[in-house]
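# Descriptive analysis of the structure
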Amino acid sequence: MKKEYYCNVLIVGCGAAGLACAYNLSRLGVKDVTVACENRNYGTSRNTGSDKQTYYKLSLSGSENDSVYKMANELFSYGGINGDNALCEAASSAECFFRLTELGVPFVKNEYGEYAGYKTDFDSCKRGTSAGPLTSKYMTESLERAVEKTDTEFISGLFPVKIIKSGNTARGCVFADGHGFTTVFANYVVFATGGEAAMFGSSVFPKSQFGAMGVLIDSGCELSNFNYWQYGLASVDFRWNASGSYQQVIPRYVSVDKNGREHEFLRDSLSDCEIFEYTFLKGYEWPFDSERINASSKIDLLVKEQTDKGFDVYLDYTKNPQNFSFDILPEKAGQYLENSSAMQPTPVQRLLSMNIRAYKNYLAHGIDLKNDYLRIALCSQHQNGGASVDADYETSVGNLFAIGEAAGVFGAYRPGGSALNSTQVSALRCAEKIAKMPQTAPPEKTGYSLPQTTFDDDGMVLKWQKITDRICLNIRDVTEIKKYVPGLISDLASCRYYKSHEVLTATLAFYKSCIFAGENIGSYGCSVYTENGAITEKSSNKNKIVVFDGECSLREVRPIPKSEQWFEKVYNKRSENI
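This section reports on the structure supplied with the text. Residue numbers restart at each chain and count upward from 1, following the sequence in its written direction. Only residues with pLDDT of at least 70 get local features here, since the model is predicted, and only at 80 or more are side-chain atom pairs given and counted; chain-wide, interface and lining totals rely on the full set of residues. Note that water and hydrogens are dropped before the side-chain values are worked out from all heavy atoms of the structure.

## Some words on the packing of helix α1 (residues 16–27) against helix α14 (residues 418–436)
As a reminder of what qualifies: Between N-to-C directions, angles cover 0 to 180 degrees, with each direction set by a line fitted to C-alpha atoms, over the stretch in contact for helices. In DSSP terms, a helix is any run of H or I states spanning at least four residues, a strand is any run of E spanning at least two, and both are numbered starting from the N terminus. The crossing is said to be left-handed when, going from far helix to near helix, the turn is anticlockwise and less than a right angle, and right-handed when the turn is clockwise. In this analysis, two residues are considered to be in contact whenever any of their non-hydrogen atoms come within 4.5 Å of each other.
Relative orientation of the contacting elements α1 and α14 amounts to 35°, with a least axis distance of 8 Å. Note that α1 runs across α14; the crossing there is right-handed. Residues A16, A17, A20, C21, N24, L25 and R27 of α1 pack against T423, Q424, A427, L428, C430, A431 and I434 of α14.

## Some words on the pairing of strand β15 (residues 374–383)
Selection criterion: Only protein chains enter the accessibility calculation, which uses a 1.4 Å probe; a residue is then buried when its area is under 20% of its type maximum, exposed when over 50%, and partly exposed in between. When DSSP finds two or more bridges between a pair of strands, those strands are recorded as paired.
Counted residue by residue, β15 has nine buried out of 10 residues, so it is predominantly covered. Of the strand pairs in this sheet, strand β10 (residues 229–235) and β15 are connected by seven bridges, and their pairing is antiparallel. The partner of W229 across the bridge, within β15, is Q383. Here strand β14 (residues 312–316) pairs with β15 via three bridges, running antiparallel. Counted as the bridge partner of L315 is L374 from β15.

## Side note on the sheet that holds strand β21 (residues 544–548)
Strands in a sheet are paired, the pairing made by backbone hydrogen bonds, and the direction either parallel or antiparallel. An order of β16-β9-β21-β22 is seen for the four strands of this open sheet, with the pairing classed as antiparallel. In this open sheet, the two edge strands, each paired with only one partner strand, are β16 (386–387) and β22 (551–555). Here β21 runs beside β22; their pairing, made up of five bridges, is antiparallel. Within β22, the position partnered with V547 by the bridge is C552. Packing of helix α17 (residues 498–520) onto the sheet brings it into contact with β9 (223–224), β21 and β22, and relative to β22 it is tilted by some 50°.

## Looking at the packing of helix α6 (residues 135–148) against α14
How we decide: When describing relative orientation, an angle under 35 degrees is termed roughly parallel and one over 145 degrees roughly antiparallel, while 65 to 115 degrees is termed roughly perpendicular and anything else oblique. Following the grouping adopted for this structure description, the nonpolar residues are Ala, Val, Leu, Ile, Met, Phe, Trp, Tyr, Cys and Pro, the charged ones are Asp, Glu, Lys and Arg, and the polar ones are all others, Gly among them.
It is at 11 Å that the axes of α6 and α14 come closest, and there the two elements cross at 20°. Taken together, the axes of α6 and α14 lie roughly parallel to each other. As α6 packs across α14, the resulting crossing turns out to be right-handed. Packed against α6, whose contacting residues are T135, S136, M139 and L143, the element α14 presents L420, T423 and Q424 at the interface. Here the residues of the contact of α6 with α14 sort into three nonpolar, four polar and no charged.

## A word on unusual backbone geometry
One non-glycine residue, D32, adopts positive backbone phi at about 60°. With respect to the helices and strands, D32 occurs in the loop between α1 and β2 (33–36). Positive phi, close to 65°, is recorded for N399, a residue that is not glycine. Judged by its relative accessible area of 13%, N399 is buried.

## Regarding the pattern of salt bridges
The line we're drawing: A pair is scored as a salt bridge if a Lys or Arg side-chain nitrogen falls within 4 Å of a carboxyl oxygen belonging to Asp or Glu.
Tallied over the full model, the rule gives 32 salt bridges. A salt bridge links D237 to R375; the shortest N-O distance between them is 2.8 Å. Of this pair, D237 sits in the loop between β10 and β11 (240–241) while R375 sits in strand β15, and the two are 138 residues apart along the sequence. You can call D237 exposed: its relative accessible area is 55%. The salt bridge involving R292 is made with D289; its shortest N-O contact spans 3.8 Å. Residue D289 is classed as buried on the basis of its relative accessible area of 3%. The network of salt bridges with common partners includes R252, E262, E264, D316 and K319.

## With respect to the state of the cysteines
Let me state the cut-off plainly: What counts as a disulfide here is a pair of cysteine sulfur atoms lying within 2.5 Å.
Within the structure shown, the criterion is met by zero disulfides. Here C96 stays unpaired: no disulfide links it, and the sulfur of C88, its closest cysteine neighbor, is 11 Å away. Distance from the sulfur of C173, which forms no disulfide, to the nearest cysteine sulfur (C7) is 10 Å. A residue is classified by how much of its surface remains accessible, and C173, at 0% relative accessible area, is buried.

## Things to note about the sheet that holds strand β13 (residues 262–263)
Taking strand neighbours across the sheet as the criterion, the six strands line up as β11-β10-β15-β14-β12-β13 in an open arrangement whose pairing is antiparallel. Both outer strands of the open sheet, β11 and β13, are each paired with one neighbouring strand and no more.

## Focus: the environment of S340
Among the structural elements, S340 can be located in the loop between α11 (331–339) and α12 (347–354). For the pair S340 and C173, spaced 167 residues apart in sequence, the C-alpha to C-alpha distance is 51 Å. Residues in contact with S340, not counting those within four places in the same chain, are S353 and M354.

## Topic: the side chain of E74
Here E74 shows up in helix α3 (residues 68–77). E74 gets classed as buried once you look at its relative accessible area, which sits at 14%. E74 has contacts with Y56, F122, D123, S124 and R127, leaving out every residue within four places of it along the chain.

## Some thoughts on the nonpolar core
In plain terms, the rule: Here the nonpolar core consists of buried residues drawn from Ala, Val, Leu, Ile, Met, Phe, Trp, Tyr and Cys, with membership extended through side-chain atoms lying within 4.5 Å.
Grouped together as the largest cluster of nonpolar side chains are 155 residues, with contacts concentrated most on L10, F191, L369, F510 and Y511. Looking at this core element by element, the count peaks at 10 residues for α17. For Y511, the contacting residues outside a window of four places in its chain are W464, I467, T468, I471, C472, I481, Y484, V485 and L488. Grouped together as the second largest cluster of nonpolar side chains are 12 residues, A176, F181, A198 and V461 included.

Next up, the structure:
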């Protein structure tokens, strides 16, 4: 069965980015907007979080010495991010943050109205803030309520399989709908489909999240930095980031072998002081970092070593690590716990005092940290790369935009919480660009062919998830990855299942990006490359990796623009456009 619809703007995905785009389009007067998704309750924004899920924005409290350019320069310094994107992410962060507060997201502020902040991963200015473990869920729900009051149309039950093009301009999208195909023709197409979540088996992405990078790749979109992902320790029975206060209360790390024997395995490689320090630091040095493999990221390596042996690894909050004492804690850890009124005798008691909502979050999913061990693993957590975009988040295909995690605006590193800021900034920039463009109706109906694919999955995704976990998580060997490329190409050529085809398309681009990075950059950021078991030389290359039509190349990043700051000039230019 074939169905056809028409709209002015088609947004694919209904998470924090997609809904923010729809809300901004309505606010800016753009008519005839449709949001298409597989299920309104799916996706990363609605179903993930951490101890106090961070939102990253310009510092808005206290005496922090912050500015738009300081934040932009910090984002830019991590490598692989274009300067104009960095400036946009910084400049619009406060506007987007306050719009969320107006919509009811309960970010924390003090009695004087300051939005108190804290330092997050790779952050120097206490730009992190939070509404608790469910920050992105609150964002999504608040935005959804706002969009439901507009004329935006929602269509559920659709999975994107093919972008319709006229020349190099997007004209709509074909979706599988469980019974056949639904085609939506549109003047502008916005992909807000999140990261390629199904590419890894060891993942903190919700199981309902797939992504659609393969669809963007098939449309001819360039990719940027698709080799860069973020990995960190997460619970696996209920997928959740084990970061922040989950680590700062210094739980006990134990592994359990196949015979049920329990072992505090960190003690095999680290001193007591190192165990306490590195565990505490995993709170805000949570992502795996090749620069910290002999410090806090050593814990990630040791956990993965245990799981690779087939052992289960747990965080135990009922007991302290062996030989634990407040007297031998590093000064920073001791001061932090004291300032947080968390000097209780056990980790779970410290957690209850420091962040009871973090405890209740697991309790709501059947895990009582007062009694239960928390099974963890090193997991993929965020896609730092994605579709190449300009300052308005338009891809290399005209009228096709990628926002949120689908956009490749981050490189080797990103500050914790910057992804949530990016969902809102990219949605705003995209909506503002579309609002300035011609609003023709109805959109041009372009000839297209339906995909030769079916709904059912054939197990190929599971097969390649296991392989990718083994060869392309945080430890990568170029020779090993190359061995699997021919088999992946063969499976992709024979695949007739649209979800499998999408994931395998993205996986092939990922493997090629990893091979190219290993040969031209080396160990950097989220990944360590090895050769014959030895870690390769680290690089400080700040250029981005571009993948187009299956070929990889290094491209210089765009510098931070020297923007106009003289008020009268900006004022008069703005007046001309009113």
